[in-house]
Amino acid sequence: MRIASGFFGHCCPMLLDLGAIAYWSIPGASPYRTMHREIEQITQCIIVVSEGRLRISKAEGRPPGAQGQLFRYSVKDGTLQLQPAQAAARVGAALRAYRLRRDLSQSDLARLAGVSPSAISQVERGERGLSLETLMALSGRLNVTLDELLGGEVTPDYRIGRRHGLGAAPAGSILPLLDDAEAGMRAYLVSLPRSATVEAPFAHKGAELVGVVSGLIQVLLSSGQPVLRRGETLLASRRGIDGWRNMGEGDAQCLWVLRD
């Protein structure tokens, strides 16, 4: 298992860099739990398959609501048939996933919830549900939010803006990477072909940061036109950026980060 974990940790990021889609199959038995945790920290998506059920336990970079979905599945004429599971089954699968992640037994979870171990067993099998009051009390005793508890995973303290499509960004483009209204931060990838000038697509009020990824870029401001090399950054805290000009001999790219 140590060799397999090392192989995965080395190859998975390389496959991401190549733009490849790879499927890795790992046994679900308890002896593999340590390896599961190591893999979960690296991989983008995890689908847990058990008898008749399929659950999305991780969906990094996917739309909200994808993670935690539970389906009942069957195979008919060689074709996979998926049907969304009932709410009680989804809650039960989420509780079981969180219990295993915390190394808790059904009896441990029952004590925290104030119910019997047989009740927890029935909940995890989707045969019954727990009241909202019980779920709220359980989330408080586990020191997690109700969303985290029902999702079956600890909500990570990061978000990733994945590139859409493969290969380099189109020349002369401003590609949105991350737009988080709640956090008030946005990030764009600006790609400039040789001798090109790209104008900012909109006016912005708030701090702006430019970080040069490659090439030699002139930042166009009303108060000046400084030139930045690869690895250098510019912070515009009073007035917005009007655009960028490629001053180098080849293509150039920079990150444009805005704080609203």
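Residues numbered from 1 in each chain as written. Predicted model: local features only at pLDDT ≥ 70, side-chain atom pairs only at ≥ 80, totals over all residues. Heavy atoms only, no water.

*Asks:* Help me understand the sheet that holds strand 10 (residues 227-228) in this model?
*Replies:* The strands making up a sheet are joined through hydrogen bonds of the backbone, oriented either antiparallel or parallel. Strand order in the open sheet formed by four strands is 7-12-9-10, and the pairing between neighbours is antiparallel. Of all strands in the sheet, those bounded by a partner on one side alone are strand 7 (197-199) and strand 10. Here four bridges tie strand 9 (residues 217-220) to strand 12 (residues 243-246), and the two strands are oriented antiparallel to one another. If you follow Leu 220 over to strand 12, its bridge partner there is Gly 243. (Pairing = 2+ DSSP bridges. Helix = DSSP H or I, 4+ residues; strand = E, 2+ residues; numbered from the N terminus.)

*Asks:* Would you take a moment to explain the packing of helix 4 (residues 106-113) against helix 6 (residues 132-142) for this structure?
*Replies:* Helix-helix packing is described using two parameters, namely the angle between the two axes and the distance between the axes. Two elements in contact, helix 4 and helix 6, have axes separated by 8 Å at closest approach and are oriented at 110 degrees. Of the possible angle classes, the one that applies to helix 4 and helix 6 is roughly perpendicular. Where helix 4 abuts helix 6, its residues Leu 109, Leu 112 and Ala 113 lie against Thr 134, Leu 138, Arg 141 and Leu 142. Of the residues assigned to the contact of helix 4 with helix 6, the class counts are five nonpolar, one polar and one charged. (Axes fitted to C-alpha atoms, helices over the stretch in contact; angles between N-to-C directions. Parallel < 35°, antiparallel > 145°, perpendicular 65-115°, else oblique. Contact = heavy atoms within 4.5 Å. Nonpolar A, V, L, I, M, F, W, Y, C, P; charged D, E, K, R; others polar.)

*Asks:* Could you clarify how one ought to interpret helix 5 (residues 117-124) in this entry?
*Replies:* Given 3.6 residues per helical turn, the α-helix brings residues three or four places apart onto the same face. Of the positions making up helix 5, those classed as buried are Ala 119, Ile 120, Ser 121, Val 123 and Glu 124. Elements in contact with the buried residues of helix 5: strand 2 (53-59), helix 3 (87-101) and helix 4. (Buried < 20%, exposed > 50% of the residue type's maximum accessible area, 1.4 Å probe, protein only.)

*Asks:* I would appreciate a short explanation of the pattern of salt bridges in the present structure.
*Replies:* It is possible for side chains bearing opposite charge to pair when their charged atoms get close. With the rule as written, the count across this model stands at eight salt bridges. Residues Asp 260 and Arg 186 are paired through a salt bridge, measuring 2.9 Å at the closest nitrogen-oxygen approach. A residue pair is termed long-range when its members are at least 10 positions apart, and Asp 260 in the segment after strand 13 (252-259) and Arg 186 in strand 6 (residues 185-192) qualify at 74 residues. Salt-bridge contacts for Glu 249 lead to Arg 194; the nearest nitrogen and oxygen are separated by 3.0 Å. (Salt bridge = Lys/Arg side-chain N within 4 Å of Asp/Glu carboxyl O.)

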